[in-house]
Amino acid sequence: MITRTGSKAVTCLLCQWRPFSVSYRRLAEKAPLPASGAPSTPTPNSTPASAPSSTAAPAGVDPKKNAVNEALAHAPRGYGKKLTDFTPTPLSRPIGMHNPPNAGENTGIDKRTLKQRRDDFVNYDKHLVRREQLTDKFARPYFRDWRNMQFHKGKTFLAPPRPFKADLSLYFPNLHGRTIAKGDPSAKSADTTPLLEGCASVVTIFSSMWAEKQAQTFSSKDANPVLHEVLEANKGRAQLVQINVEEDALKALLIRLFVGSLRRRVGKENWNKYFLVRKGITDQIRESIGVLNNKVAYTYLVDHNCRIRWAGSGNAESTEREGLVKGLHRILDEMKTEGVTDSYVRKAVVKRGPPRKE
């Protein structure tokens with residue numbers, strides 16, 4: 001008697017035959033469980049559990065974040081526990097990245113080959129990491145940044161009373177984008193690090209018209225005329241750099257459509273110092289340099305070695321404007337003492353650990 005194999009039976013057999021299944025391969029690679037009562041011995045490929053951190057994450061801060069600056073530990077964020085009350089305090093520690101920046105970093109461009117993309121696609125561990133990133137992104141309240149604006153108009157921190165010492169300061173990251181320079185081929189792809197090297201720079205970061213007006217309270221001619229007097233008297237050694245961050249593709253397109261009016265407002269001498277950045281600013285970078293609210297402007301004083309010596313957020317107070325000018329004078333004096341010229345080359349620095357307490 002001949003029995004015919006039905007389509008359902010064939011389908012079941014095909015479902016059981018999965019030679020390329022990532023899950024089955026992972027189960028096969030796992031070491032067998034120890035017998036009852038036998039001590040468990042780690043396998044050579046196993047990774048020991050990381051030691052617990054000596055500093056616990058404060059309330060409102062996600063403990064899964066890689067770097068939580070102690071100076072900004074209690075500031076409101078777009079994730080974590082919602083705060084009902086907050087009063088900004090002056091920065092007590094330097095903020096920034098621990099490693100010096102280099103041109104070509106943080107571009108947001110995927111440079112992987114097809115083979116690398118295929119290998120990452122079938123890598124189960126990387127799938128878990130990506131899944132965790134997406135879960136964290138979708139779990140963030142959409143209006144949290146707007147709600148945090150109720151705390152002193154979004155001011156995240158107060159500027160320090162004096163600039164940070166050079167040997168204790170951390171680095172401003174490299175950001176990649178487009179300038180509004182006209183007819184310059186390099187405008188299509190520009191990095192901030194080559195521009196900041198060898199100059200004392202006032203850097204403002206904003207992502208909306210509201211935030212840009214906040215940045216102008218620190219750096220505009222009307223709000224801080226003394227700052228522009230110093231910039232004018234030290235052309236080539238001091239500069240104002242503006243970074244407009246717009247991750248939304250449609251809004252970025254609108255900015256490029258009206259770039260003509262933007263050029264007229266900024267001035268021809270500042271076209272190569274106005275950046276339009278869309279990608280590359282990760283959560284780790286935002287956490288390190290204190291950009292904790294996308295709707296707020298942040299102002300930095302960066303020295304000739306790309307180190308953040310002073311920082312402010314939100315609307316400027318009179319003491320903060322004075323502190324910005326004094327800090328700029330101090331960096332210019334340091335540059336004069338070190339003999340910084342137009343051909344200055346930033347010294348190579350090895351990787352650093354967390355900033356030590358003063």
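Residues numbered from 1 in each chain as written. Predicted model: local features only at pLDDT ≥ 70, side-chain atom pairs only at ≥ 80, totals over all residues. Heavy atoms only, no water.

If you look the protein up in an unreviewed UniProt entry, it shows as ATP10 protein-domain-containing protein from Cercophora newfieldiana.

All right, on to empty space enclosed by the protein then. One pass over the structure, following the stated rule, counts two cavities of 30 Å³ or more. Roughly 40 Å³ of volume is contained in the largest cavity. As for the largest cavity, its lining consists of Pro76, Asn148, Phe151, Gly154, Lys155, Thr156 and Asn293. Here the residues of the lining of the largest cavity are counted per class, giving two nonpolar, four polar and one charged. (1 Å grid on protein atoms, 1.4 Å probe; cavity = no way out; pocket = protein on both sides within 12 Å on 5 of 7 lines; lining within 4 Å. Points joined across faces, edges and corners; volume = space filled by probe spheres on them. Nonpolar A, V, L, I, M, F, W, Y, C, P; charged D, E, K, R; others polar.)

Further remarks concern the environment of Glu269. For Glu269, the position within the fold is in the loop between α10 (259-266) and β5 (274-277). Judged by relative accessible area, which is 56%, Glu269 ranks as exposed. (Helix = DSSP H or I, 4+ residues; strand = E, 2+ residues; numbered from the N terminus. Buried < 20%, exposed > 50% of the residue type's maximum accessible area, 1.4 Å probe, protein only.)

In this section: the nonpolar core. The nonpolar side chains of a soluble globular protein tend to be buried, and buried together. By size, the foremost hydrophobic cluster in this structure holds 34 residues, and its most contacted members are Ile95, Phe172, Val203, Ile205, Ile243 and Tyr300. Within the residue set of this core, elements represented by two or more residues are α6 (193-196), β3 (200-206), β4 (238-245), β5, α11 (283-289), β6 (298-302) and β7 (308-313). When residues no more than four places from it in sequence are discounted, the contact partners of Tyr300 are Ile95, Phe172, Ser201, Val202, Val203, Ile205, Ile289, Gly290, Val291, Ile308, Trp310 and Ala311. Ala238, Trp310, Leu328 and Met335 belong to the second largest nonpolar core, which has 20 residues in total. (Core = buried A, V, L, I, M, F, W, Y, C linked by side-chain atoms within 4.5 Å. Contact = heavy atoms within 4.5 Å.)

On the secondary structure map, Thr193 appears in helix α6. At 2.8 Å, the side chain of Thr193 and the side chain of Asn174 are in polar contact. (Polar contact = N/O pair within 3.5 Å; in protein donor to acceptor, adjacent residues only side chain to side chain.)

Another point: the state of the cysteines. Tallied over the entire structure, the rule returns zero disulfides. You can see Cys199 has no disulfide; the closest cysteine sulfur is in Cys306, sitting 9.9 Å from it. The exposure class of Cys199 is buried, given its relative accessible area of 12%. (Disulfide = S-S within 2.5 Å.)

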